[in-house]
Amino acid sequence: GGGGGGRCRFSAVCPFPYARDGRADSVAPLGVVVCSASRGEERFSSLAAAVRAAPEGATVLLGEGETELDGALLLQRPLTLLGARNAVLTARGGGSVVVVDLPGGGAAGGLPPPTLSIVGVGVVQRATEQPGVASACAREGEPARAAAGYAVVVRAGRAELTQCTVQSALSGGCFVSAAASAALRGCHFGAAAMHGVLVSGRARVEMSHCHVHSTGAAGVEARGRSKVRLHCCRVRHSSRSGLFATAFAEAHAEYCNVFQCRFAGIECAGQSEVRVHSCRVHDGERGGLLALGRSSLRVDACAVSRNAMAGVSARGSGRVVVADSAVTSGRASGVHVSEDASATVEHCRVEANGLCGVELSGSAATLVARRNVVRGNGGEAFALPSPQCGGCVQLEGNDLG
């Protein structure tokens, strides 16, 4: 994603590559130092004690090495947690490693939400040999054991994670819950038993230059009227869809690379809305992009290729618009519309797919195809049901080679 001159080549306002902050590199291994304007530098023997003592706005420096917690580290005031190279937080026992729960949320008077920043820290949730865990501890900074949770949980306020690596052998990487928000920049979410990133209940998440891979559920999932935006991210090797939106959620992906997922590369369902711009969606074990139920999917300037099933598929009452894109070299049809779904395909190149170029398999399905190049596919350029019953087909100015 990064271009010449140390900037993102896709956006003039993107701050990639987030120059590394090395202030914690001088801290002794496993050491903790709190820096604040009011008290200067203070050294602590434990991270929990440092977090409890740190005033709002302080920076907590974490030395290199692996700091193992008994449970989740509860963070309840705006701070910056800055790690040295190879600084890692771990926890066993099924609970979360870090929980951000900032009171207030900034709703009163239109103020911005309080923000906690985590920079350059690895967060690893490991399996435990113990059969059970204790109840959660409410004291700030103390280990808070809880039932199995995601490695990083943002309950309230805003969290900003930069250049962090998050892994979970028991659950997922990062969970952002109702009304909270997060910015994930240059982070790596991998080796997760569930989602890489899960966003729920009106939460808001922006991800830029992140890598999400090897997840047991969707790589990134938005649900429950939440909103998620991906910029220059790579999502691969998820056991479900790479990006999944459902239950009235909204998702926007731009300049992303989504590949080798076991279900769809990008999927929307349950009256969700997904917009995909200038992305590559390829080499999926099933489909490329999929709209189900009454969801809406818009695909602009994308390259969809080498997927095992349809490159773009609309089912149920799903609505799909594909414009200025290439849908090529899939093993099935390039675009597949079934049941009561509708698709508009404009200014696209649909070539070299194993079955048809564009296929309608439902008599009530609707298709509008204008000024496309549809050629070199294994079957018909346009495979339409005969006769058309309740659906509508408009073909205009297409080049069939």
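Described in the following lines is the structure provided in the data block. Just so it is clear, the structure is predicted and the values come from calculations on it, not from any experiment.

### Side note on the overall build of the protein
Consideration 1: Helix and strand counts for the protein stand at one helix and 43 strands.
Consideration 2: Split into buried and exposed, the 401 residues of the protein put 53% on the buried side.
Consideration 3: Look at the contacts in the protein between residues 6 or more apart in sequence, and 50% of them connect residues 24 or more apart.

### Observations concerning empty space enclosed by the protein
Consideration 1: Applying the stated criterion across every chain yields a total of one cavity of 30 Å³ or more.
Consideration 2: Taken as a whole, the largest cavity spans an internal volume of roughly 50 Å³.
Consideration 3: Every residue along the wall of the largest cavity is listed here: Val51, Val60, Leu75, Leu79, Thr80, Leu81, Leu116 and Ser117.
Consideration 4: Looking at the lining of the largest cavity, the elements with two or more residues in it are β6 (80–83) and β9 (115–119).
Consideration 5: Per-class residue counts for the lining of the largest cavity are six nonpolar, two polar and no charged.

### Let's talk about the nonpolar core
Consideration 1: If you look at the biggest cluster of nonpolar residues, it comprises 91 residues, and the most contacted ones within it are Leu184, Phe189, Met207, Leu230, Leu289 and Leu297.
Consideration 2: In this view, Leu184 contacts Leu161, Phe189, Val197, Val205, Glu206, Met207, Ser208 and Cys210; residues no more than four positions away in its chain are not counted.

### Notes on the pattern of salt bridges
Oppositely charged side chains can form a pair if their charged atoms are brought close together.
Consideration 1: One pass over the structure, following the stated rule, counts 18 salt bridges.
Consideration 2: Across the pair Glu160 and Arg158 runs a salt bridge whose closest N-O atoms are separated by 3.4 Å.
Consideration 3: The class for Arg158 is buried, based on a relative accessible area of 14%.
Consideration 4: Put simply, Glu351 and Arg349 hold a salt bridge, and the shortest N to O gap is 2.8 Å.
Consideration 5: On the basis of relative accessible area, Glu351 is assigned to the buried category, the value being 15%.
Consideration 6: Overall, Arg349 belongs to the partly exposed group, its relative accessible area being 39%.
Consideration 7: When salt bridges with common partners are traced through the structure, they connect Arg158, Glu160, Arg185 and Glu206 into a single cluster.

### Examining the environment of Arg280
Consideration 1: The topology assignment puts Arg280 in strand β29 (residues 280–282).
Consideration 2: Placed 46 residues apart in sequence, Arg280 and Arg234 show a C-alpha to C-alpha distance of 9.6 Å.
Consideration 3: The residues contacting Arg280, other than those within four sequence positions of it, are Cys256, Asn257, Val258, Ala303 and Arg306.

### Some points on the pairing of strand β17 (residues 188–192)
For a regular strand, side chains alternate in direction, first toward one face of the sheet and then toward the other.
Consideration 1: As paired strands, strand β14 (residues 165–168) and β17 are joined by four bridges and run parallel to one another. Across the sheet, Val166 pairs through a bridge with Phe189, a residue of β17.
Consideration 2: Relative to strand β20 (residues 211–215), β17 runs parallel, the two sharing four bridges. Note that in β20 the partner of Ala192 across the bridge is Thr215.

### Observations concerning unusual backbone geometry
When glycine is set aside, most residues are seen to have a negative phi, and most peptide bonds are trans.
Consideration 1: Backbone geometry at Ala179 places phi at a positive 70°, although glycine is not the residue there.
Consideration 2: Mapping Ala179 onto the fold places it in the loop between β15 (174–176) and β16 (181–185).
Consideration 3: Phi is positive for Tyr255, close to 55°, though the residue is something other than glycine.
Consideration 4: Among the secondary structure elements, Tyr255 is positioned in the loop between β25 (250–254) and β26 (257–259).

### Some details on the pairing of strand β34 (residues 319–323)
Consideration 1: Direction of pairing for strand β31 (residues 296–300) relative to β34: parallel, over a ladder of five bridges. Bridging from a neighbouring strand, Arg298 pairs with Val321 of β34.
Consideration 2: Taken together, the five bridges between β34 and strand β37 (residues 342–346) define a ladder with parallel strand orientation. Its bridge partner lying in β37, Val322 is registered against Val345.

### Structural notes on the packing of aromatic side chains
Consideration 1: Under the defined criterion, the tally for this structure stands at one aromatic pair.
Consideration 2: Each ring, one from Tyr150 and one from Phe175, has its centre 5.9 Å from the other, and the planes form 50°; the classification is tilted. One end of the pair, Tyr150, is in the loop between β11 (143–144) and β12 (152–156); the other, Phe175, is in strand β15, with 25 residues separating them in the sequence.
Consideration 3: The buried category is assigned to Tyr150, whose relative accessible area is 9%.
Consideration 4: Classification of Phe175 by relative accessible area gives partly exposed; the value is 22%.
Consideration 5: Seen from the ring of Phe248, Arg225 lies directly overhead, with NZ or CZ sitting 4.3 Å from the centre.
Consideration 6: The ring of Phe263 carries the charged tip of Arg240 above its face, separated from the ring centre by 4.6 Å.

### Brief notes about the side chain of Ser200
Consideration 1: Following the sequence through the fold, Ser200 ends up in strand β18 (residues 197–200).
Consideration 2: With a relative accessible area of 19%, Ser200 lands in the buried category.
Consideration 3: If we skip the residues at most four places from it in the chain, Ser200 touches Phe175, Val176, Ser177, Ala178, Arg223 and Ser226.

### So, the environment of Leu367
Consideration 1: Summarising the element assignment, Leu367 is placed in strand β40 (residues 366–370).
Consideration 2: Residue Leu367 is classed as buried on the basis of its relative accessible area, which comes to 0%.
Consideration 3: With residues near it in sequence (within four places) discarded, Leu367 still touches Ala343, Val345, Val358, Leu360, Phe382, Leu384, Cys392, Val393, Gln394 and Leu395.

### Describing the side chain of His282
Consideration 1: Its place among the elements puts His282 in strand β29.
Consideration 2: Its relative accessible area of 8% is what places His282 among the buried residues.
Consideration 3: At a separation of 2.8 Å, a polar atom in the side chain of His282 contacts the side chain of Asn257.

The rules behind these values
Residues numbered from 1 in each chain as written. Predicted model: local features only at pLDDT ≥ 70, side-chain atom pairs only at ≥ 80, totals over all residues. Heavy atoms only, no water. Helix = DSSP H or I, 4+ residues; strand = E, 2+ residues; numbered from the N terminus. Buried < 20%, exposed > 50% of the residue type's maximum accessible area, 1.4 Å probe, protein only. Contact = heavy atoms within 4.5 Å. 1 Å grid on protein atoms, 1.4 Å probe; cavity = no way out; pocket = protein on both sides within 12 Å on 5 of 7 lines; lining within 4 Å. Points joined across faces, edges and corners; volume = space filled by probe spheres on them. Nonpolar A, V, L, I, M, F, W, Y, C, P; charged D, E, K, R; others polar. Core = buried A, V, L, I, M, F, W, Y, C linked by side-chain atoms within 4.5 Å. Salt bridge = Lys/Arg side-chain N within 4 Å of Asp/Glu carboxyl O. Pairing = 2+ DSSP bridges. Phe/Tyr/Trp six-rings, centres within 6.5 Å; stacked < 30°, edge-to-face > 60°. Lys NZ or Arg CZ within 6 Å of the ring centre and 35° of its normal. Polar contact = N/O pair within 3.5 Å; in protein donor to acceptor, adjacent residues only side chain to side chain.

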